[in-house]
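# Observations on the model geometry
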Amino acid sequence: MTVTVNGTVTSGFGRGKEFVSLEGYSRQFRDELGYEPYPGTLNLELPRSVAERLERLEPIRIDGWQDGDRSFGIVYCYPASVVDADESVRLHAIVPKRTDHDTSTLELISPVNLRERFDLSDDATLTIRVESAPSDTDTMDSGSLSN
Ligand SMILES: Cc1cc2nc3c(=O)[nH]c(=O)nc-3n(C[C@H](O)[C@H](O)[C@H](O)COP(=O)(O)O)c2cc1C
Ligand SMILES: Nc1ccn([C@@H]2O[C@H](COP(=O)(O)OP(=O)(O)O)[C@@H](O)[C@H]2O)c(=O)n1
């Protein structure tokens, strides 16, 4: 099952890059997604909440963690792709459990700067297809093949 989302590119509060770069998250992104994200999140403003539609998909779960007396929340990640793109880039839609945004904003992470790659300014429209995480069985299959 896939969920297709059509949204408008917006600027946020400039805080995405801080969170994405924190070692407690970036280590898990490397392990679970296989890449170190470009520092920041591209914000997509949606006509209505997609939270309920995304809940039907299987997420990759990034655990919450603690640094002294600061605690950081769980982040759900979903593999995604840009519809009608000439080239494919690795991309995940993310849903931080704690966020300053309401549910009509979807944040995207990728190893590349998406604004540069797809020539996106504020108010550009972008359509992405969001999927479930590959199942554990798939991972085990590919692991056993390489043995
Ligand atoms: C990987 C990641 C983890 C986050 N974890 C937290 C958190 O633990 N607590 C919190 O208040 N906000 C958290 N946020 C959300 C930020 O407060 C904020 O909503 C958002 O990233 C700001 O994005 P912007 O600068 O693009 O507007 C997290 C964001 C990201 C990208
Ligand atoms: N993979 C990414 C991540 C962020 N970005 C952009 O990089 C800048 C820094 O990200 P940010 O999350 O700190 O900033 P805002 O989204 O709050 O404006 C913003 O302009 C994002 O839209 C991008 O183009 N591609």
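Going along each chain's sequence as written, the residues are numbered from 1 onward. Both sets of labels track the order of writing: A upward for chains, 1 upward for ligands. The model is predicted, so local features are restricted to residues of pLDDT at least 70 and side-chain atom pairs to those at 80 or more, both for listing and for counting; the totals for chains, interfaces and linings are taken over all residues. Think of the side-chain values as coming from all heavy atoms in the structure, minus any hydrogens and water.

We count it as follows: UniProt positions are given in the numbering used here, feature names are shortened, and annotations may be inferred rather than shown by experiment.
Looking at an unreviewed UniProt entry, one finds the protein named Riboflavin kinase, with Natrinema zhouii as its source organism. According to the UniProt record, the Pathway (unreviewed entry) comment for the protein is "Cofactor biosynthesis; FMN biosynthesis; FMN from riboflavin (CTP route): step 1/1." Check the Catalytic activity (unreviewed entry) section of the UniProt entry for the protein; it says "riboflavin + CTP = CDP + FMN + H(+)".

## Side note on the pairing of strand β7 (residues 92–96)
The test is simple: Note on exposure labels: buried denotes an accessible area under 20% of the residue type's maximum, exposed denotes more than 50%, and partly exposed covers the range between, all computed with a 1.4 Å probe on protein chains only. Only DSSP runs of H or I with at least four residues qualify as helices, and only runs of E with at least two residues qualify as strands; both kinds are numbered from the N terminus onward. DSSP bridges decide pairing: two strands pair if at least two such bridges lie between them.
Of all five residues making up β7, four are buried, and the element is well covered by its neighbours. In terms of strand pairing, strand β6 (residues 75–82) meets β7 through five bridges, oriented antiparallel. Across the sheet, Val75 pairs through a bridge with Pro96, a residue of β7. Both β7 and strand β8 (residues 105–109) contribute to a ladder of three bridges, which runs antiparallel. Within β8, the residue paired with His92 across the bridge is Ile109.

## Focus on the confidence of the model for the protein
Under the convention used in this document: One confidence number per residue, pLDDT, is output by the predictor and ranges from 0 to 100.
Per-residue confidence for the protein gives a mean pLDDT of 92, with 93% of residues at or over 70. Model confidence for the complex: the whole-complex pTM is 0.92, and ipTM, which rates the interface, is 0.95.

## Examining the site of ligand 1
We apply this condition: Being near a molecule or strand, for a residue, comes down to having at least one heavy atom within 4 Å of it. Polar contacts, as counted here, are pairs of nitrogen or oxygen atoms within 3.5 Å of one another; within protein the pair requires one atom able to donate a hydrogen and one able to accept it, and residues that are adjacent in sequence qualify only if both atoms are side-chain atoms. Throughout, the Shrake-Rupley method with a 1.4 Å probe supplies accessible areas, and for residues the shown protein chains are the sole cover considered. Throughout, the protein atoms alone are placed on a 1 Å grid, and a set of points is a cavity if a 1.4 Å probe fits but cannot get out or a pocket if it is open with protein on both sides within 12 Å along at least five of seven lines; lining residues have an atom within 4 Å of a point. For a cavity or pocket, the test is whether more than half of a molecule's atoms lie within 2 Å of its grid points; if they do, the molecule sits there. Note on residue classes: Ala, Val, Leu, Ile, Met, Phe, Trp, Tyr, Cys and Pro are nonpolar, Asp, Glu, Lys and Arg are charged, and everything else, Gly too, is polar.
Around ligand 1, the surrounding shell holds 21 residues, and the nearest of these are Phe13, Arg15, Gly73, Thr99 and His101. For ligand 1, an oxygen atom lies 2.8 Å from a polar atom in the backbone of Phe13. A distance of 2.9 Å separates an oxygen atom of ligand 1 from a polar atom in the backbone of Gly16. Notes on ligand 1: free accessible area 610 Å², of which the protein chains cover 93%. In this structure, ligand 1 is accommodated by the largest pocket. Going through the elements one at a time, α1 (16–21), α2 (23–33) and β7 are the ones with two or more residues in the shell around ligand 1. With three residues, the single largest contributor to the shell around ligand 1 is α1. Its residues placed into classes, the shell around ligand 1 shows nine nonpolar, eight polar and four charged.

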